[in-house]
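# Residue-level structure breakdown
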Amino acid sequence: TGTMPHQKQCPLDQLQLERLAAQYGTPFQLYDEQAIRDNLTALLGAFRKHFPTFQNYFAVKALPNPAILQVVLDSGCGLDCSSTAELHIAEQLGVDPEHVMYTSNYTSQNDLERAYNQGVIMNLDDVSLVDSLMDKTGRMPDLVSFRFNPGKGNTDSETASNVLGGPTAKFGVPEEQIELAYRKAKEAGATRFGIHMMTGSCVIGDDGNDYWAETVSLLVTKMAELSAVLDIEFEFVNIGGGIGIPYKPEDDRVDYNKLADRVHLVWTEKLKQHRVKNLSLIHISEPTRLLSISYAVFCLKKKKKKIEKRIET
């Protein structure tokens, strides 16, 4: 259907839950594998209708459970890693490095070296990381991407360190440095390029579609500018993540088909406007609430405790 269920359903009945509780103890987290697979099929299908090579990268940090990650991989997704621990998980699962996006923050030289040696797609979020990588490895990977911070964002977080985009965000290369970042990467030997932007979290409803339209518009515009100035071509555009979920029955839900239709419409218009060749390789990273929350049930036993009230005389 392309939509998410509005009402969360437990996949097991009372007796089955009691058996699990007796076997494993409580509390435990229960995931609906078939629902996860169906949801991913709907998401991928909606976007691949317009973008045949569309890829979704699931953020390992949201749910680093190898069993769940294998379900995600079996459904045709890649992994988005933000630490070397997550890179290790991807390696142990045997994931093709070309299906792993490494997007980190405040990255050490040792961590950069680990990602480089593993051969994953390196998505850098600071211009200084080009020099750090060169100092440590002596080479740049052929394919390099940068996380772009356009100076605006849409997030439900009230925690300053979690603000994904805007003037105060710690994530991404700001507007005034993004050209320098790609120039330095090219001069260091990179020949293939991607661009990424994630400035939203839990984006839903009609306003959400406006957010995605603006994201695509900003990315295609910046990609065209960089291509013209630096004489480089982009292999992919990663439009970030943040697809929201309904936490309450009255909340809106995301229709994947409508979202994909809107993205495709703006994408096509902007490519034509900027006279960019028909680049069809588009990605999305980190829409993890769709899996880690939507199809998870937290199970625990409720204990009764008798409280005696004594009256002292």
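Refer to the structure above for everything that follows.
## Some words on the nonpolar core
Proteins that are soluble and globular tend to have nonpolar side chains buried together. If you look at the biggest cluster of nonpolar residues, it comprises 75 residues, and the most contacted ones within it are F146, Y182, I239 and V263. At nine residues, helix α8 (residues 205-230) tops the list of elements feeding residues into this core. Once you skip the residues sitting within four places of it in the chain, Y182 turns out to touch S145, F146, F193, G194, I195, L226, L230, I232 and F234. Of all hydrophobic cores here, the second largest spans six residues; its members include A21, F28, L30 and C299.

## Observations regarding the packing of helix α2 (residues 33-48) against helix α9 (residues 256-273)
Remark: α2 packs on α9, axes separated minimally by 8 Å, with the N-to-C direction vectors making an angle of 25°. Accordingly, the angle class assigned to the pair α2 and α9 is roughly parallel. As for the relative orientation of α2 and α9, their crossing is right-handed in sense. Residues N39, A42, L43, A46 and F47 of α2 lie in contact with α9, whose contacting residues are Y256, N257, L259, A260 and V263. Taken together, the residues that form the contact of α2 with α9 break down as eight nonpolar, two polar and no charged.

## A few points about the packing of aromatic side chains
If you walk through the whole model with that rule in mind, you get five aromatic pairs. Seen in terms of ring centroids, F47 and F54 are 4.6 Å apart; in terms of plane orientation they differ by 15°. Their pairing is stacked. For F54, a relative accessible area of 1% corresponds to the buried category. A connected cluster of aromatic rings, assembled from ring pairs, spans F146, Y182, F193 and F234.

## Quick word on the state of the cysteines
All told, the structure shown has zero disulfides when counted by the stated rule. Free of any disulfide, C10 has its nearest cysteine sulfur in C299, 5.8 Å distant.

## What to know about unusual backbone geometry
Following T26, the chain continues to P27 via a peptide bond in cis, the omega torsion being 5°. Note on placement: P27 falls in the loop between α1 (14-24) and β1 (28-31). Positive phi values are uncommon outside glycine, yet Y106 reaches one of about 50°. For Y106, the location among the structural elements is in the loop between β4 (100-103) and α5 (109-118). According to the relative accessible area criterion, Y106 is exposed, its value standing at 65%. At D231, a residue that is not glycine, the phi angle is positive and equals roughly 55°. Relative to the elements of secondary structure, D231 occurs in the loop between α8 and β9 (234-238).

## What about α5?
Along α5, the residues classified as buried are L112, A115, Y116 and Q118. Around the axis of α5, the buried residues are gathered within 170° of arc, so they sit on the same side. Where the residues of α5 are buried, they touch α4 (84-92), β4, β5 (121-124) and α6 (128-137). Positive phi shows up at G119, right after α5, with a value of about 80°.

What counts, and where the lines are drawn
Residues numbered from 1 in each chain as written. Predicted model: local features only at pLDDT ≥ 70, side-chain atom pairs only at ≥ 80, totals over all residues. Heavy atoms only, no water. Core = buried A, V, L, I, M, F, W, Y, C linked by side-chain atoms within 4.5 Å. Buried < 20%, exposed > 50% of the residue type's maximum accessible area, 1.4 Å probe, protein only. Helix = DSSP H or I, 4+ residues; strand = E, 2+ residues; numbered from the N terminus. Contact = heavy atoms within 4.5 Å. Axes fitted to C-alpha atoms, helices over the stretch in contact; angles between N-to-C directions. Parallel < 35°, antiparallel > 145°, perpendicular 65-115°, else oblique. Left-handed = near helix turned anticlockwise from the far one by under 90°. Nonpolar A, V, L, I, M, F, W, Y, C, P; charged D, E, K, R; others polar. Phe/Tyr/Trp six-rings, centres within 6.5 Å; stacked < 30°, edge-to-face > 60°. Disulfide = S-S within 2.5 Å. Arc of directions from axis to C-beta.

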